[in-house]
There are 2 protein chains.
Amino acid sequence: MPEFGQIHPPARLLMGPGPVTADPRVLRAMSAPLIGQYDPAMTAYMNETMALYREVFATGNEQTFLVDGTSRAGIEAALVSLVEPGDRVLVPIFGRFGHLLAEIAGRCGAEVVTIEVPWGEVFAPEQIEEAVVAHRPKVLAVVQGDTATTMCQPLADLGAICRAHDVLLYVDATASLGGNEFRADDWGVDVATAGLQKCLGGPSGSAPITISPRAVEVIEGRRHVEAGIRDDGDEARGRRIASNYFDLAMIMDYWGERRLNHHTEATSMLYGARECARLLVAEGMDAAVERHRLHGAAMLAGVQGLGLSVFGDLDHKMHNVVAVHIPDGVDGDRARAAMLDDFGVEIGTSFGPLHGKVWRIGTMGYNARKDAVLLTLAALEQVLRAEGTSPVPGGGVAAAREVYAA
Amino acid sequence: MPEFGQIHPPARLLMGPGPVTADPRVLRAMSAPLIGQYDPAMTAYMNETMALYREVFATGNEQTFLVDGTSRAGIEAALVSLVEPGDRVLVPIFGRFGHLLAEIAGRCGAEVVTIEVPWGEVFAPEQIEEAVVAHRPKVLAVVQGDTATTMCQPLADLGAICRAHDVLLYVDATASLGGNEFRADDWGVDVATAGLQKCLGGPSGSAPITISPRAVEVIEGRRHVEAGIRDDGDEARGRRIASNYFDLAMIMDYWGERRLNHHTEATSMLYGARECARLLVAEGMDAAVERHRLHGAAMLAGVQGLGLSVFGDLDHKMHNVVAVHIPDGVDGDRARAAMLDDFGVEIGTSFGPLHGKVWRIGTMGYNARKDAVLLTLAALEQVLRAEGTSPVPGGGVAAAREVYAA
């Protein structure tokens, strides 16, 4: 076989919908030597990681930790641990990732009910309440920010609706957490999950999760400790969770005081996840959200300043990503390739009805920065010109500068 | 909340059953900047990773890639994708990890049949064949090396037995791969999975997997492409796999030419997994196994030279770990703590019937090295003396040196 060289990726500024360029401090943390999984230094790092993510999720939930896998691993752990076959799950869909929640809930054996709004819109709380009343689900599963449409679903009223109707509220905050307001306790969120590769500034591969006491009770009601490490006091309860890897009752025993062996914690990813949260908490969560608001506003103004039009309801756009209509006559994929090959800047396309129709440009995590915004706009102007269109010369950068000057 | 410092783990030589000290070159590879998941540089790294793990597993299987999670994620992906509810799965149990396979298969809805030998022994092929004939399972699921007992189950005859009886052979090679002979194709293994944190010299968090064409056919027979990215030609087949995250049919579409979006590949872990395999393949798989044999033999001779007795059938011991009886009168946990606190050397205890009865000492991955072996033996001698026993002065190091001199 051919000899492959060492890892040496090309220089890239990742300005798509994620993954984005990781904070170098996070990558440095990940290069630290390993320690054993029950080393007191390791369990201290685990406890610190729990404390840090409580701040990130704005919660007092004891059960706040990491699921070892990508953000979708966190989603599946939440749903498979909450949902038993035959349970009803309501999923409001306003983009691609609601379909994903519905799909995962379906694989858990749920009776899935969906409601939809057109891409580019979000739900009013009344629409969701009406569906809750009509369908009486066990779980309401909703995405906060859908990168496919760039929309951010308001959540503040959903917890009260869910509690009034004895429904558990699950939120997929993968794309939004850290860059848009999120308040697990104030909003009555029962379980929320995320990933590192968006506003948290790390690589994909670890899924922070937080679980409210009433969701813990549901999960503990399905506790079956694994054969081989079971104590006499560990009687099985309820219907066993269909996954071992995603059994949150067992994962809580691993992160909790019993430290019952489950998986072998992905130490390097834990180092990275801890550093992502440590940097955000040191900055202040409100300051981090404001940073994403500012650079997102600058990018939005910038693409508009180039003469481009923007997709979706701007009152409900996430701070950290914008979808731009590809102008008539422009080959969207060729333009993205030119951005990447000639300027080292990655931007994205979208899925489903928006595939090939929009570019998605992110300003998140480490790349929620002025130089990243201005460089991207400068490069995009050149690429648009090469594609035969007539962007306003300097219009993108000037408009972004105005946002920064305000 | 308190301010937490940056990641700064204590210096540790990890000589337990794994995770072990990662190769610094692997950690360096993991600190490389991220690139986008469809960047041509990224898909090239994915293809190279597939090619490298074909060498590691000694297979021509096209479907050889990574599952994003710890080694147990690989096990669950294999079993949930192969096994439908009601299918019979036969698990020969010779330690803790057979129980894990049985548990995971049970959660997949399998009718699980187990056979057992006492801890410290392995199965003769005839015992397994007899059970195959008696129970006619769909899948035979077997661990190659069980770190709980240090035993290495011979596999060379099992593929032929399975093919003769139309059974799929799944092997969990987490603890053994890279340090003990493994030949997926020659042995007729249908699916094998592993992790990085043992003989591969990396951190936990990525699970290499290889899948034979006949296992691919079974998995493809259950192909249901996810809503939202489905094409018209993608009709659903067979009974849907119960997990989205572990749906190997979808993961094959992500790693294959279609590059259908599934998870967002854990880029840093992929960099690490690729480097683990790149270093092993450059060394040569036979040379890597021989290195583990040599340093394992030195450690075995060393602990015996200290006057300690060893657990289990030495003819079937894995190269990379040895279980040592804790001498009478020695407090095993206190001695392990002294190894860690005073010498920075981690060794392990075991599970179940061996908990508190043995220490497990590993020589694997980056720590399959002479200096690591001699340092561990030197420290252990001091700790045994402090515990009030009378180890042969210099006897451990001398015996190990003899192995190296031979």
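One can find the structure itself at the top, above this paragraph.
What counts and what doesn't
- Residues numbered from 1 in each chain as written.
- Chains lettered and ligands numbered in written order.
- Predicted model: local features only at pLDDT ≥ 70, side-chain atom pairs only at ≥ 80, totals over all residues.
- Heavy atoms only, no water.
- Helix = DSSP H or I, 4+ residues; strand = E, 2+ residues; numbered from the N terminus.
- Rg over C-alpha atoms; globule rule 2.2 N^0.38 Å.
- Contact = heavy atoms within 4.5 Å.
- Areas by Shrake-Rupley, 256 points an atom, 1.4 Å probe, with all protein chains shown as cover.
- Lys, Arg positive; Asp, Glu negative; His and termini not counted.
- Charge placed at Lys NZ, Arg CZ, Asp CG, Glu CD.
- Patch = residues over 30% accessible without salt bridge, like charges linked within 9 Å, V, L, I, M, F, W, Y side chains within 5 Å.
- Salt bridge = Lys/Arg side-chain N within 4 Å of Asp/Glu carboxyl O.
- Buried < 20%, exposed > 50% of the residue type's maximum accessible area, 1.4 Å probe, protein only.
- Least-squares fit on C-alpha atoms with pLDDT ≥ 70 in both.
- Pairing = 2+ DSSP bridges.
- Phe/Tyr/Trp six-rings, centres within 6.5 Å; stacked < 30°, edge-to-face > 60°.
- Lys NZ or Arg CZ within 6 Å of the ring centre and 35° of its normal.
- Axes fitted to C-alpha atoms, helices over the stretch in contact; angles between N-to-C directions.
- Buried area = accessible area lost by both parts, 1.4 Å probe.
- Polar contact = N/O pair within 3.5 Å; in protein donor to acceptor, adjacent residues only side chain to side chain.

Draft legend 1. Spatial organisation of the overall build of chain A. What chain A contains, in helices and strands, is 14 helices and 13 strands. By the compact-globule yardstick of 22 Å for 406 residues, chain A fits well, its C-alpha radius of gyration being 22 Å. Across its three principal directions, the C-alpha atoms of chain A cover 75 × 55 × 50 Å. Pairs at least 24 apart in sequence give 71% of the contacts found in chain A among residues at least 6 apart. Of the roughly 13,400 Å² that chain A leaves accessible, carbon and sulfur atoms contribute 49%. Across chain A, the mean location of the 35 positive side-chain charges is 2 Å away from that of the 52 negative side-chain charges.

Draft legend 2. Layout of a negative patch on the surface. Negative charge collects at one region of the surface, where Glu-126, Glu-129, Glu-130 and Asp-157 of chain A lie side by side. Looking at where Glu-129 of chain A falls in the secondary structure, it is placed in helix H5 (residues 125-135).

Draft legend 3. Geometry of unusual backbone geometry. In this chain, Gly-18 of chain A is followed by Pro-19 of chain A through a cis amide linkage whose omega measures 0 degrees. Residue position: Pro-19 of chain A is located in the loop between strand E1 (13-14) and helix H1 (24-30). The backbone of Asp-166 of chain A shows a phi angle near 55 degrees, a positive value even though the residue is not glycine. In this fold, Asp-166 of chain A is placed in the loop between helix H6 (158-164) and strand E8 (168-172). Not every positive phi belongs to a glycine, and Thr-150 of chain B is a case in point at roughly 75 degrees. One can find Thr-150 of chain B in the loop between strand E6 (145-146) and strand E7 (151-152).

Draft legend 4. Quick look at the environment of Val-112 of chain A. Residue and element names in this part refer to chain A. Its location among the elements puts Val-112 in strand E4 (residues 111-116). The partly exposed category is assigned to Val-112, whose relative accessible area is 29%. In this structure, Val-112 is in contact with Val-89, Val-91, Ala-102, Ala-105 and Gly-106, ignoring residues within four places of it in sequence.

Draft legend 5. Representation of the relation of the copies chain B and chain A. For the pair chain B and chain A, the superposition axis carries a translation of 0.0 Å, the fit reaches an RMSD of 0.0 Å, and the rotation angle comes to 180 degrees. Considering both components of the superposition, the chain copies are consistent with a two-fold axis. Looking at the rotation axis and the C-alpha trace of chain B, the residue lying nearest is Gly-69 of chain B, at 2.3 Å. Same-surface contact between copies: 100% of interface residues of chain B are shared with the interface of chain A.

Draft legend 6. How the structure looks around the pairing of strand E5 (residues 139-143) of chain A. All names here are of chain A. Most of E5 sits out of view: 5 of its 5 residues are buried. Here E5 shows no split at all, with Val-139, Ala-141 and Val-143 on one side and Leu-140 and Val-142 on the other all buried. Here strand E3 (residues 88-93) runs beside E5; their pairing, made up of 2 bridges, is parallel. Along E5, the bridge assignment pairs Val-89 with Val-139. Where E5 and E8 come together, 5 bridges link them in parallel fashion. Following the sheet pairing, Leu-140 is matched in E8 by Leu-169.

Draft legend 7. Structural detail: the environment of His-292 of chain B. Residue and element names in this part refer to chain B. Looking at the element boundaries, His-292 is found in helix H10 (residues 285-305). The exposure class of His-292 is buried, given its relative accessible area of 0%. For the pair His-292 and Arg-369, spaced 77 residues apart in the sequence, the C-alpha separation amounts to 8.6 Å. Setting aside anything within four residues of it in sequence, one finds His-292 in contact with Gly-178, Gly-179, Cys-199, His-319, Asn-320, Thr-363, Met-364, Gly-365 and Ala-368.

Draft legend 8. How the structure looks around the packing of aromatic side chains. Considering all chains together, one arrives at 15 aromatic pairs over all chains under this definition. With a centroid separation of 6.3 Å and an interplanar angle of 85 degrees, the aromatic rings of Phe-97 of chain A and Phe-351 of chain A are classed as edge-to-face. Of this pair, Phe-97 of chain A sits in helix H4 (residues 96-107) while Phe-351 of chain A sits in the loop between strand E12 (345-346) and strand E13 (358-362), placing them 254 residues apart in sequence. Residue Phe-351 of chain A is classed as buried on the basis of its relative accessible area of 17%. Taken together, a centroid distance of 5.9 Å and an interplanar angle of 80 degrees make the contact between Tyr-45 of chain B and Tyr-271 of chain B edge-to-face. Of this pair, Tyr-45 of chain B sits in helix H2 (residues 40-57) while Tyr-271 of chain B sits in helix H9 (residues 267-283), and the two are 226 residues apart along the sequence. Grouping aromatic residues by their ring pairs yields a cluster made of Tyr-245 and Phe-246 of chain A together with Tyr-245 and Phe-246 of chain B. The ring of Tyr-366 of chain A has Arg-369 of chain A lying over it, and the distance from NZ or CZ to the ring centre is 4.6 Å.

Draft legend 9. Just the pattern of salt bridges, in detail. One pass over the full model with this rule turns up 48 salt bridges over all chains. Of the charged contacts, one joins Arg-107 of chain A and Glu-103 of chain A as a salt bridge, the two residues approaching to 2.7 Å between their closest N and O atoms. A residue pair is termed a helical-turn pair when its members lie 3 or 4 positions apart in one helix, as Arg-107 of chain A and Glu-103 of chain A do in helix H4 at 4 residues. Its relative accessible area of 6% is what places Glu-103 of chain A among the buried residues. By sharing partners, the salt bridges in this structure join Glu-103 and Arg-107 of chain A together with Arg-240 and Asp-247 of chain B into a single network.

Draft legend 10. Here's a closer look at the sheet that holds strand E9 (residues 191-193) of chain A. All names here are of chain A. Taking strand neighbours across the sheet as the criterion, the 7 strands line up as E2-E10-E9-E8-E5-E3-E4 in an open arrangement whose pairing is mixed. Two strands close off the open sheet at either side, each with one partner strand: strand E2 (63-67) and E4. Going from strand to strand, the sheet's axes swing by 20 degrees on average, the running direction of each strand aside. The sheet contact formed by E2 and strand E10 (residues 207-211) spans 5 bridges and is antiparallel. Note on E10: the bridge partner recorded for Phe-65 is Ile-209. Across the sheet, helix H2 (residues 40-57) is in contact with E2, E9 and E10; its angle to E2 comes to roughly 105 degrees.

Draft legend 11. Seen up close, the interface of chain B and chain A. Listed per partner, the contact involves 81 residues of chain B and 81 residues of chain A. Of the roughly 6,600 Å² buried between chain B and chain A on both sides combined, carbon and sulfur atoms contribute 60%. Per-residue buried area on chain B facing chain A is highest for Phe-4, Ile-7 and Arg-107 of chain B; these three make up 13% of the total on that side. At the surface where chain B touches chain A, the tally comes to 6 salt bridges. One salt bridge connects Arg-107 of chain A with Asp-247 of chain B, and the closest N-O pair in it is separated by 2.5 Å. Counting across the interface, chain B meets chain A through 37 residue pairs in polar contact (both at pLDDT 80 or more).

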